[in-house]
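# Observations on the model geometry
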Number of protein chains: 2
Amino acid sequence: MERKRVRLTVAYDGTRYHGWQFQNNGITIEGELNRCLSALLQEKTEVIGASRTDAGVHAMGNIAVFDTSSRIPAEKISYALNQMLPEDIRIQRSQEVPNDWHPRKCKSRKTYEYRIYRAEFPMPIKRLYSYFTYHQLDENRMREAAAYLVGEHDFKSFCQVNAQVESTVRTLYMVQVEEQGAEIVIRICGSGFLYNMVRIIAGTLLEVGQGKREPESLAAVLEAKDRSAAGPTAPARGLTLVKYEFEEEMEKRSV
Amino acid sequence: MERKRVRLTVAYDGTRYHGWQFQNNGITIEGELNRCLSALLQEKTEVIGASRTDAGVHAMGNIAVFDTSSRIPAEKISYALNQMLPEDIRIQRSQEVPNDWHPRKCKSRKTYEYRIYRAEFPMPIKRLYSYFTYHQLDENRMREAAAYLVGEHDFKSFCQVNAQVESTVRTLYMVQVEEQGAEIVIRICGSGFLYNMVRIIAGTLLEVGQGKREPESLAAVLEAKDRSAAGPTAPARGLTLVKYEFEEEMEKRSV
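First, a word on what this report is: a plain description of the structure on this page. (Residues numbered from 1 in each chain as written. Chains lettered and ligands numbered in written order. Predicted model: local features only at pLDDT ≥ 70, side-chain atom pairs only at ≥ 80, totals over all residues. Heavy atoms only, no water.)

On to the environment of L81 of chain A, then. All names here are of chain A. You can see L81 is positioned in helix α2 (residues 77–84). C-alpha of L81 to C-alpha of L37: the two residues are 44 residues apart in sequence and 6.9 Å apart in space. With sequence-adjacent residues up to four places away left out, L81 is seen in contact with L8, C36, L37, L40 and I91. (Helix = DSSP H or I, 4+ residues; strand = E, 2+ residues; numbered from the N terminus. Contact = heavy atoms within 4.5 Å.)

Okay, structure coming up:
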């Protein structure tokens, strides 16, 4: 039977989940996808995820692929799968891709948003998708600090210490700090991210915003190549993987 | 013992609640406030709510008052009460008011937002605070229709039939239709609202946006003074009571 590879664009509210990656105890996004796909396609199905987000992190467009012998047209799978998934996971798109296509082997750009709600007291309808702080924050200082991170750098200081990676050099195309009412949104686009990198950047920019650390100190933090030089890891609930783009497709679109 | 009246500004995520008003079966905002206030103040305490929102409706600033003999300063009650309330209810402010002050007997302006998320598939992180539709919506048509509702009108067509009220005449100061990315926000400010009025307005504007009904038809809908002339009642989850202002205080501020 002929097999095809299908790519899914996956959105989820991470609140209830122990992250992306399958675990024997605790529900995960990958576990739910495998369970529902296997039932829908009537064959054991396992997805490969592009970004294995942590517990509590949200996504508007993470990417997964799987192989199947099913005759259901690839682009119809989103509709059928959404009928079976819990309401906090929704497939935004399903499409056929070449059999050797692998999301982690393609050049890509990921955009994350870290959302901060600043006020005297937490706002219930904001609590699941932002980090609350009652500290005064100076967005101009945060913006100034953010500028030091744009470009190709060794982000070792912004990587959880026990992460095993060959190189800690990454490229950030954009680090934006935007005010939206009582919220401050840190928007970061890059070619790749180290473990906890966005949350450590957010934690460090929060310290700059509070006046605990100078914007210019970011140069020394990068230079140190030492996790302890950066700020704390900001909580997961404020983080959303907003967009996952593949360079080959971006080029095609711009032709 | 001297008694004082305290006013609370109350924010909540209505998802889990059977509305504002106390019920014997099912948790309510009022029930949670009474329970936590009674424990905090060590005396049976009952709040009076300004807007008794329906099951599933959210608030950023509803108003409640209660009387107490407690010596805790009124402005400190917010801090103490927030320690005891579930995380989906948060007091934004507590303040002493005159003993005869009653929120429903003051001239006030309430601002509601009805949020619509329009896309091919629902977005999990938007699902709790917006109404999802896959229909195309024309915001310009919605905006045109909204204009018919501004001013003093008999809103009988926009009131749930079994509601018992003396007069169905109300004044709307603003009915705005704003695009925010994939979301459309209907923002309505008025002196008072009939039962389900905002949700029926939203349901009617949705029909206009879909092309099922002409913007100009809103004049006839008002004229009909008949619930069946308007559109359906839009779901509760899209509705948030954003702001509750009292005219006497607005005047003071503008002096």
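Continuing now.
The transform that puts chain A on chain B rotates by 180 degrees and translates by 0.0 Å along the axis, for an RMSD of 0.0 Å. Such a combination of turn and shift is consistent with a two-fold rotation axis. Comparing interface residues between copies, 100% of those in chain A also lie at the interface in chain B; the contact surface is shared. (Least-squares fit on C-alpha atoms with pLDDT ≥ 70 in both.)

Here we come to the state of the cysteines. As enumerated under the stated definition, the model contains zero disulfides over all chains in all. A disulfide-free cysteine, C189 of chain A has its sulfur positioned 16 Å from the sulfur of C106 of chain A, the nearest such atom. (Disulfide = S-S within 2.5 Å.)

All right, on to the packing of helix α3 (residues 139–147) of chain B against helix α4 (residues 197–210) of chain B then. Residue and element names in this part refer to chain B. Packing of α3 against α4 leaves a shortest axis separation of 8 Å and a crossing angle of 135 degrees. Our classification of the angle between α3 and α4 gives oblique. Once α3 is placed against α4, the crossing between them reads as right-handed. Only L205, L206, V208 and G209 of α4 make contact with α3, whose side of the interface consists of R141, M142, A145 and A146. Of the residues contributing to the contact of α3 with α4, the split by class is six nonpolar, one polar and one charged. (Axes fitted to C-alpha atoms, helices over the stretch in contact; angles between N-to-C directions. Parallel < 35°, antiparallel > 145°, perpendicular 65-115°, else oblique. Left-handed = near helix turned anticlockwise from the far one by under 90°. Nonpolar A, V, L, I, M, F, W, Y, C, P; charged D, E, K, R; others polar.)

Next up on the list: the interface of chain A and chain B. Contact with chain A, which involves 25 residues of that partner, is made by 25 residues of chain B. Approximately 2300 Å² of surface area, both sides summed, lies buried where chain A meets chain B, with 63% of it carried by carbon and sulfur atoms. One can count four salt bridges joining chain A with chain B. At the surface where chain A touches chain B, the tally comes to eight residue pairs in polar contact (both at pLDDT 80 or more). Of all the secondary structure elements, the ones that give two or more residues to the side of chain A that touches chain B are β1 (4–12), β3 (58–68), α2 and β4 (89–97) of chain A. The leading source of residues in the side of chain A that touches chain B is β4 of chain A, at four residues. (Buried area = accessible area lost by both parts, 1.4 Å probe. Salt bridge = Lys/Arg side-chain N within 4 Å of Asp/Glu carboxyl O. Polar contact = N/O pair within 3.5 Å; in protein donor to acceptor, adjacent residues only side chain to side chain.)

As a rule of thumb, non-glycine residues mostly have phi less than zero, and peptide bonds are mostly trans rather than cis. The residue Q42 of chain A is not glycine, and still its phi comes out positive at about 60 degrees. Looking at where Q42 of chain A falls in the secondary structure, it is placed in the loop between α1 (29–41) and β2 (48–49).

Right, let's talk about the environment of R109 of chain A for a bit. Residues and elements named next belong to chain A. Mapped onto the fold, R109 is located in strand β5 (residues 108–118). Measuring from C-alpha to C-alpha, the distance between R109 and G192 comes to 7.1 Å, with 83 residues separating the pair along the chain. Contact partners of R109, with chain neighbours within four places excluded, come to Y173, C189, G190, K243, Y244, E245, E247 and M250.

A few words on the packing of aromatic side chains. Summed over the entire model, instances satisfying the criterion amount to 16 aromatic pairs over all chains. Relative to F246 of chain B, the ring of W101 of chain B has its centre 4.9 Å away and its plane inclined at 75 degrees; by these criteria the two rings are edge-to-face. Taken together, the positions of W101 of chain B in the loop between β4 (89–97) and β5 (108–118) and F246 of chain B in strand β10 (residues 239–246) put the pair 145 residues apart, joining distant regions of the chain. When sorted by exposure, W101 of chain B lands in the same class as F246 of chain B, which is buried. Grouping aromatic residues by their ring pairs yields a cluster made of W101, Y244 and F246 of chain A. In this structure, R109 of chain B is placed above the aromatic ring of Y173 of chain B, and the distance from its NZ or CZ to the ring centre is 3.8 Å. (Phe/Tyr/Trp six-rings, centres within 6.5 Å; stacked < 30°, edge-to-face > 60°. Buried < 20%, exposed > 50% of the residue type's maximum accessible area, 1.4 Å probe, protein only. Lys NZ or Arg CZ within 6 Å of the ring centre and 35° of its normal.)

Let's shift gears to α4 of chain B. Residue and element names in this part refer to chain B. In this model, α4 (14 residues) spans 20 Å end to end at C-alpha, consistent with the 20 Å of a helix rising 1.5 Å per residue. Of all 14 residues in α4, 13 are buried; the element is thus mostly enclosed. Positioned one or two residues after α4, G211 has a phi angle of 90 degrees, which is positive. (Expected span 1.5 Å × (residues − 1).)

This brings us to the packing of α1 of chain A against α2 of chain A. Residues and elements named next belong to chain A. Between α1 and α2, the shortest axis-to-axis distance is 10 Å and the interhelical angle comes to 115 degrees. By crossing handedness, the relation of α1 to α2 is classed as right-handed. From α1, C36, L37, A39, L40 and L41 reach across to α2, where they touch I77, A80, L81 and M84. Across the contact of α1 with α2, the residue classes tally to nine nonpolar, no polar and no charged.

This brings us to the pattern of salt bridges. Enumeration over the complete set of coordinates arrives at 34 salt bridges over all chains. Among the ionic pairs, D88 of chain A bridges to R16 of chain A, the shortest N-O distance being 2.6 Å. Of the two residues, D88 of chain A sits in the loop between α2 and β4 while R16 of chain A sits in the loop between β1 and α1, which places them 72 residues apart along the sequence. The exposure class assigned to R16 of chain A is partly exposed, which follows from its relative accessible area of 46%. Ionic pairing is found between E43 of chain B and R3 of chain B, a salt bridge with its closest N-O pair at 4.0 Å.

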